[in-house]
Amino acid sequence: MTPAPATETVAPLALGPAVQLLRELGDLKRLRDARSPLSLADRAFLRSWRRLLAGEEPGDVARAETAAALAATRLAGVDASVLRLAGLSPEEVVNVLRRGFDAVTSTAGRTLGELSDLREALGANASAGPGGERALPAPPPFAEALVRQPRAGATHPTLPRVVVEPPESHGDHCFTTAVYAALLAPLHGVDRGEAFFTMLGHHLPNADLPDAGFGGEVLLGDLAPRVLGALQERSLAQLPAHLADRLRGLLPLREDVGSALGRACTSADVLDRVLQVHHHARAAGFTAAQALDDLDIVHPGPVQEFQLRLLADAGLPVR
């Protein structure tokens, strides 16, 4: 349920230098590999709930999953389990993960503050982190439903829906905003784990409620709090009491910008919603020249000259 927002007393953070990093994290919604039809973000969303059900503290889950997500922006599905399968030692695994982590975090400068706790968490990932062999319980049913539940996108009660394909899932959105919130939390004086956990669970009603977006909530009118509250409780009932009680206490603060937690969470939410729209706009405007000229799709190397001549002779010049 959305609480009445408190009066804003603190200015938002200046996050410009970090936007590219946040955009790359959002792209985990669109990256997949042969191990699953789900996106990397959906898989991390389910894994995060499984780790919480296994008894891990939200702070430990937040650090491990946020660190893994940062490394994955550059390494995609090449995670600790893949590197171990290839025979790398734990030290070699950590070194690869940290190279991916460093490559993306360097783009944000000091905007996101000190990230050493996240970088250190990659050491745990090397032996028992995301994709590892240790047994975890099944995710709660609501988490699996949120992975199946598409997001509505941009809607308005008096205007036609803007339909974009493919839609992100609620698992994609919840995991991405949880990572954003974990990154922003220390800048607001908030624990990474609290911010991560709050956003991981901020769409519990949508496990049962198909997403009609902002327009649908407006049309529900006075019934919206009752509908959302009842369906949120259905999902909370699937968690152990200590986790349900903890999340129940955090969720009302999510959009209260008078609280530090609320500022971290609402910042994460709006950044993801807007960057998602930007993604669809970029995808619609993508040109061959961007891949050919900007991204060097015909890579520099010993065969580049041969390939360029072949393409030119075929009437497909890239320069």
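All values reported here derive from a predicted model rather than from experimental measurement. (Residues numbered from 1 in each chain as written. Predicted model: local features only at pLDDT ≥ 70, side-chain atom pairs only at ≥ 80, totals over all residues. Heavy atoms only, no water.)

## Let's talk about the pattern of salt bridges
Step number 1: In this structure the tally under the stated criterion is 22 salt bridges.
Step number 2: A salt bridge links Asp117 to Arg192; the shortest N-O distance between them is 2.8 Å. Within this pair, whereas Asp117 is found in helix α6 (residues 116-128), its partner Arg192 is found in helix α9 (residues 192-200), the two being separated by 75 residues in sequence.
Step number 3: Take Asp117: its relative accessible area is 29%, and that puts it in the partly exposed class. (Salt bridge = Lys/Arg side-chain N within 4 Å of Asp/Glu carboxyl O. Helix = DSSP H or I, 4+ residues; strand = E, 2+ residues; numbered from the N terminus. Buried < 20%, exposed > 50% of the residue type's maximum accessible area, 1.4 Å probe, protein only.)

## Regarding the nonpolar core
Step number 1: If you look at the biggest cluster of nonpolar residues, it comprises 70 residues, and the most contacted ones within it are Leu25, Phe45, Trp49 and Leu183.
Step number 2: Among the elements that take part in this core, helix α8 (residues 170-184) stands out by supplying nine residues, more than any other.
Step number 3: Discounting chain neighbours no more than four positions away, the residues touching Trp49 are Pro140, Phe142, Ala143, Phe197, Leu200, Gly201, Leu239 and Leu247. (Core = buried A, V, L, I, M, F, W, Y, C linked by side-chain atoms within 4.5 Å. Contact = heavy atoms within 4.5 Å.)

## Examining the environment of Gln232
Step number 1: The topology assignment puts Gln232 in helix α11 (residues 224-236).
Step number 2: Note on Gln232: relative accessible area 10%, which makes it buried.
Step number 3: As for Gln232 and Pro205, which are separated by 27 residues in sequence, their C-alpha atoms are 4.4 Å apart.

## Brief notes about the packing of helix α2 (residues 40-53) against helix α3 (residues 58-75)
Step number 1: Close contact between α2 and α3 brings their axes to 10 Å; oriented N to C, the two are set at 150°. Taken as axis vectors, α2 and α3 run roughly antiparallel relative to one another. For α2 against α3, the interelement crossing comes out right-handed. Facing α2, whose interface residues are Ala44, Arg47, Ser48, Arg51 and Leu52, α3 presents Pro58, Val61, Ala64 and Glu65.
Step number 2: Its residues assigned to classes, the contact of α2 with α3 comprises five nonpolar, one polar and three charged. (Axes fitted to C-alpha atoms, helices over the stretch in contact; angles between N-to-C directions. Parallel < 35°, antiparallel > 145°, perpendicular 65-115°, else oblique. Left-handed = near helix turned anticlockwise from the far one by under 90°. Nonpolar A, V, L, I, M, F, W, Y, C, P; charged D, E, K, R; others polar.)

## Topic: the side chain of Gln149
Step number 1: Relative to the helices and strands, Gln149 resides in the loop between α7 (141-148) and α8.
Step number 2: The class for Gln149 is buried, based on a relative accessible area of 13%.
Step number 3: Residues in contact with Gln149, not counting those within four places in the same chain, are Glu168, Ser169, His170, Asn206, Ala207, Asp208, Leu209, Pro210 and Asp211.

## Brief notes about empty space enclosed by the protein
Step number 1: All told, the structure shown has one cavity of 30 Å³ or more when counted by the stated rule.
Step number 2: Of the pockets and cavities examined, the largest cavity occupies roughly 40 Å³.
Step number 3: If you go around the largest cavity, the residues you meet are Arg23, Gly26, Lys29, Arg30, Tyr180, Asp272, Leu275, Gln276 and His279.
Step number 4: Secondary structure elements with two or more residues in the lining of the largest cavity: α1 (19-26) and α13 (260-284).
Step number 5: If one sorts the elements of the lining of the largest cavity by residue count, α13 sits on top with four residues. (1 Å grid on protein atoms, 1.4 Å probe; cavity = no way out; pocket = protein on both sides within 12 Å on 5 of 7 lines; lining within 4 Å. Points joined across faces, edges and corners; volume = space filled by probe spheres on them.)

## A short note on helix α12 (residues 241-250)
Step number 1: Taken together, the buried positions of α12 are Leu243, Ala244, Leu247 and Leu250. Down the axis of α12, the buried side of the element spans an arc of 130°, and every buried residue falls inside it. Seen from the open side of α12, the exposed residues pointing more than 90 degrees away from its buried face are Ala241 and His242.
Step number 2: Among the structural elements, α2, α9, α11 and α13 are those in contact with the buried residues of α12. (Arc of directions from axis to C-beta.)

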